[in-house]
Amino acid sequence: MSIEVDEVKKIAKLAALNVDDADLQSYATNLSNILDLVAQMDAVDTTGVTPMSHPFDAVQRLREDKVTEVDRREAFQKIAPNTEDGLYLVPKVIE
Amino acid sequence: MSNYHTKTVTELSAMLQAGEVSSVELTRYFLDRIKNSDDKLNSFITVCEEQAMVQAKESDEKLKTGNAPALTGVPIAHKDIFCTDGVKTSCGSKMLDSFISPYDATVVTNMRNAGVVMLGKTNMDEFAMGSSNETSFYGAVKNPWNLKAVPGGSSGGSAAAVGARLAPASTGTDTGGSIRQPAAFCGITGLKPTYGRVSRFGMIAFASSLDQAGPMGQSASDCALLLNAMAGFDDKDSTSIEKSVPDYSADLNKPLDGLRIGLPKEYFEHTEGGMNAEVEATIKAALDQYKAMGAELIEIELPNSGLSVPVYYVVAPAECSTNLSRFDGVRYGYRCEDPKDLNDLYTRSRGEAFGAEVQRRIMVGTYALSSGYYDAYYLKAQKLRHLISDDFTKAYEKVDVIMAPATPETAFNIGEKTDDPISMYLSDIYTIAVNLAGIPAMSIPVGFANNSSGVSMPVGMQIIGNHFEEAKLLNVAHQYQQKTDWHKQMPEEFQ
């Protein structure tokens with residue numbers, strides 16, 4: 001499996017990662033090698049095998065629909081990069 | 001002259017309970033040890049001197065009442081992956097360099113309720129992604145047995161700190177071997193419990209279906225005490241298991257007569273990248289010791305175990321790419337300077353703050369989950385995961401525990417594998433299958449073998465159990481540690 005530089009650019013965009021042009025080639029090589037390793041999976045026929053999503057095949061536990069969390073907005077916003085009047089600030093999205 | 005660092009948690013706990021030492025004295029002693037020696041190791045990211053002394057004083061008050069829990073006043077270190085209220089929680093990343101957690105992880109709460117004093121937060125591979133502790137934003141950790149060698153990873157700081165006795169014990173997390181491999185490299189005892197046994201709440205997520213926290217200490221007896229405090233159902237973790245916690249210390253002294261030990265033939269075959277001859281000889285000597293103690297050695301098969309590494313490098317990156325999407329530079333963590341728009345804010349914050357290994361894994365995961373590839377990668381891996389897990393289920397019909405090397409070789413040198421991610425990944429070939437199956441496993445020190453530079457370094461052996469068989473693993477490990485003293489060896493430089 002060979003991943004080209006253009007494909008790394010596409011994946012990086014999907015992953016919301018800004019990758020320096022200088023690093024693209026080394027990522028392409030690394031990703032190709034990792035996918036070669038992963039390709040070993042094809043050696044085994046898995047027709048009819050159920051995918052395993054949990055070690056005990058447990059199902060998601062549900063809780064009662066009631067409020068359990070207390071309001072800690074101030075504590076949580078104190079660690080944010082930029083807030084104002086209880087809101088998180090980001091660059092303007094709509095002109 | 002006091003020599004508290006030569007004492008296990010089990011011994012320190014007894015001394016505290018008997019009033020032979022105070023928690024304040026003990027905590028001061030280990031804080032001084034960290035201050036004097038950690039320059040050599042870089043095993044701590046944060047030392048919590050003030051808080052530790054406050055907690056120590058509280059512990060001494062509790063001890064005076066005469067009914068304080070067993071671990072009251074024992075100082076330990078937490079891996080910096082666990083959120084600690086009011087204390088920096090970096091996860092080894094530039095992304096969280098300024099992150100002061102507003103809450104405690106359940107593990108931290110449970111340990112505090114059990115009376116433990118927190119000395120500080122240990123260094124680790126960035127977001128627990130690595131096998132050598134070299135991906136940390138805070139620099140590599142050194143192995144206390146040889147400062148040129150890695151301590152293993154991702155819980156490398158925790159392992160090095162305990163190996164050098166800068167802390168009597170520590171917590172770690174294990175997604176593909178991150179407790180067992182560094183425990184092996186640093187000559188200590190580590191336990192990865194059954195998936196869901198210990199709460200993941202407040203433990204920064206890497207691969208949610210594999211992540212599990214566990215204790216790292218000097219002996220099986222110590223790990224039992226620590227697991228007693230860590231384990232338990234938590235309704236804040238949706239995959240936490242609703243099952244009562246046994247007393248893990250209760251079975252330690254059971255004799256091993258008739259114990260059936262399975263030896264996976266695939267792990268003992270001579271293949272490229274498999275265990276080297278010196279490690280093999282050391283493991284065989286340990287198995288002979290078990291035979292002498294009344295155990296029976298039985299060859300078993302784990303035919304799909306060879307696929308563990310490829311399966312893991314789909315499942316773990318896929319889950320990591322999802323989990324790490326929360327780091328967007330908006331609510332917490334690193335934000336780039338002068339973002340020109342929202343997309344620039346996201347992509348530049350992430351690109352600047354994640355290290356290369358984390359970015360590689362995010363990209364592999366993103367690719368594997370992207371439209372058109374999901375079936376070929378993630379679904380295929382989940383199917384193979386079932387086969388790997390079934391292999392263990394079948395094996396446990398014939399044996400009580402499985403034994404295997406923890407690593408193919410002893411601790412390699414810093415820089416030796418950094419240029420080749422695949423060779424780094426393969427250092428976890430013996431540990432990964434356990435995470436995929438969700439079963440518990442330990443690594444215990446069983447001797448020494450030369451590494452690739454000819455330096456004698458600790459060898460770890462894994463003891464792998466069926467689901468919820470932690471007590472049996474601890475019993476099997478403890479009995480060995482009653483007959484041998486590998487777990488008591490200490491690196492010369494830190495004696």
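Here the structure is a predicted model, which means the values were calculated and not measured.

**Some thoughts on the interface of chain A and chain B**
Then step 1. At the junction of the two partners, chain A supplies 48 residues and chain B supplies 69 residues.
Then step 2. In this assembly, chain A packs against chain B so that about 5000 Å² is buried in total across both faces, 71% of it on carbon and sulfur atoms.
Then step 3. Of all residues in chain A, the largest losses of buried area upon contact with chain B belong to M41(A), M52(A) and R61(A), amounting jointly to 16% of the total for that side.
Then step 4. At the boundary of chain A and chain B, one finds zero salt bridges.
Then step 5. Where chain A touches chain B, the interface holds twelve residue pairs in polar contact (both at pLDDT 80 or more).

**A short note on helix 2 (residues 23–41) of chain B**
Residue and element names in this part refer to chain B.
Then step 1. Over its 19 residues, helix 2 runs 25 Å from end to end, which matches the ideal 27 Å to within 8%, given 1.5 Å per residue.
Then step 2. Remark: the principal bend of helix 2, roughly 40 degrees, maps to K35.
Then step 3. Three or more residues of helix 2 are buried, namely S23, L26, T27, Y29, F30, L31, R33, I34, S37, D38 and L41.
Then step 4. At its buried positions, helix 2 is contacted by helix 1 (9–17), strand 1 (44–47), helix 3 (49–64), strand 2 (75–79), strand 3 (117–122) and helix 5 (156–163).

**Regarding a nonpolar patch on the surface**
Residue and element names in this part refer to chain A.
Then step 1. Together, V90, V93 and I94 make up a nonpolar patch on the protein surface, roughly 300 Å² of accessible area in all.
Then step 2. Mapped onto the elements, I94 comes out in the segment after strand 2 (87–88).
Then step 3. Classification of I94 as exposed rests on a relative accessible area of 69%.

**Points about unusual backbone geometry**
Then step 1. Of the consecutive residues G153(B) and S154(B), the connecting peptide bond is found in the cis state with omega at 10 degrees.
Then step 2. Here S154(B) lies in the loop between strand 3 and helix 5.
Then step 3. Despite not being glycine, D85(A) has its phi angle at roughly 50 degrees, a positive value.
Then step 4. Within the secondary structure layout, D85(A) lies in the loop between strand 1 (83–84) and strand 2.
Then step 5. Assessed through its relative accessible area of 71%, D85(A) is described here as exposed.
Then step 6. Here C91(B), not a glycine, exhibits a phi torsion of approximately 55 degrees, which is positive.

**Concerning the pattern of salt bridges**
Residue and element names in this part refer to chain B.
Then step 1. Per the stated rule, a full pass over the model turns up 21 salt bridges over all chains.
Then step 2. In this structure, the salt-bridge partner of E357 is R361, at a minimum N-O distance of 2.7 Å. Of this pair, E357 and R361 both sit in helix 12 (residues 356–369), four residues apart, which is roughly one turn of that helix. Like E357, the residue R361 is buried in the burial classification.
Then step 3. The network of salt bridges with shared partners includes R28, D32, K35 and E49.

**Observations concerning the side chain of T27(B)**
Residues and elements named next belong to chain B.
Then step 1. Locating T27 in the fold gives a position in helix 2.
Then step 2. Judged by relative accessible area, T27 falls into the buried class, the value being 0%.
Then step 3. Residue contacts for T27: discarding those within four places in its chain leaves A52, M53, A56, G73, P75, V117 and L119.

**Section: helix 1 of chain B**
Residue and element names in this part refer to chain B.
Then step 1. Among the residues of helix 1, V9, L12, S13, M15 and L16 are the ones counted as buried. In a view along the axis of helix 1, the buried residues occupy a sector of 165 degrees, so they form one face of it.
Then step 2. Its buried side turned inward, helix 1 meets helix 2, helix 3 and helix 7 (220–230).
Then step 3. Immediately beyond the C-terminal end of helix 1, within one or two residues, lies G19, with a positive phi of roughly 75 degrees.

**Structural notes on the pairing of strand 5 (residues 189–192) of chain B**
A regular strand places its side chains so that they alternate between the two faces of the sheet.
All names here are of chain B.
Then step 1. Side chains T189 and L191 project from strand 5 onto one buried face, and the interleaved G190 and K192 project onto a second face that is buried too.
Then step 2. In this structure, strand 5 lies alongside strand 10 (residues 441–450), joined through three bridges in antiparallel fashion. Counted as the bridge partner of K192 is A441 from strand 10.

**Thoughts on the packing of aromatic side chains**
All names here are of chain B.
Then step 1. Enumeration according to the criterion identifies 20 aromatic pairs over all chains in this entry.
Then step 2. Each ring, one from W145 and one from F448, has its centre 5.1 Å from the other, and the planes form 65 degrees; the classification is edge-to-face. Taken together, the residues span a long stretch of sequence, with W145 in the loop between strand 3 and helix 5 and F448 in strand 10 at a distance of 303 residues.
Then step 3. Note on F448: relative accessible area 24%, which makes it partly exposed.
Then step 4. Between the aromatic rings of F327 and F354, the centroid separation amounts to 6.3 Å while the plane-to-plane angle is 90 degrees, which identifies the pairing as edge-to-face. Residue F327 is located in the loop between helix 10 (308–323) and helix 11 (342–353), and its partner F354 is located in the loop between helix 11 and helix 12; the two are separated by 27 residues in the primary sequence.
Then step 5. Judged by relative accessible area, F327 falls into the buried class, the value being 3%.
Then step 6. What makes F354 buried here is its relative accessible area of 4%.
Then step 7. An aromatic cluster of at least three residues, connected via ring pairs, comprises F99, F127, F327, Y332 and F354.
Then step 8. Taking NZ or CZ as reference, K243 lies 4.9 Å from the ring centre of F468, over its face.

Reading the values: the criteria
Residues numbered from 1 in each chain as written. Chains lettered and ligands numbered in written order. Predicted model: local features only at pLDDT ≥ 70, side-chain atom pairs only at ≥ 80, totals over all residues. Heavy atoms only, no water. Contact = heavy atoms within 4.5 Å. Buried area = accessible area lost by both parts, 1.4 Å probe. Salt bridge = Lys/Arg side-chain N within 4 Å of Asp/Glu carboxyl O. Polar contact = N/O pair within 3.5 Å; in protein donor to acceptor, adjacent residues only side chain to side chain. Helix = DSSP H or I, 4+ residues; strand = E, 2+ residues; numbered from the N terminus. Expected span 1.5 Å × (residues − 1). Bend = angle between axes of the 7 residues up to and from the residue. Buried < 20%, exposed > 50% of the residue type's maximum accessible area, 1.4 Å probe, protein only. Patch = residues over 30% accessible without salt bridge, like charges linked within 9 Å, V, L, I, M, F, W, Y side chains within 5 Å. Areas by Shrake-Rupley, 256 points an atom, 1.4 Å probe, with all protein chains shown as cover. Arc of directions from axis to C-beta. Pairing = 2+ DSSP bridges. Phe/Tyr/Trp six-rings, centres within 6.5 Å; stacked < 30°, edge-to-face > 60°. Lys NZ or Arg CZ within 6 Å of the ring centre and 35° of its normal.

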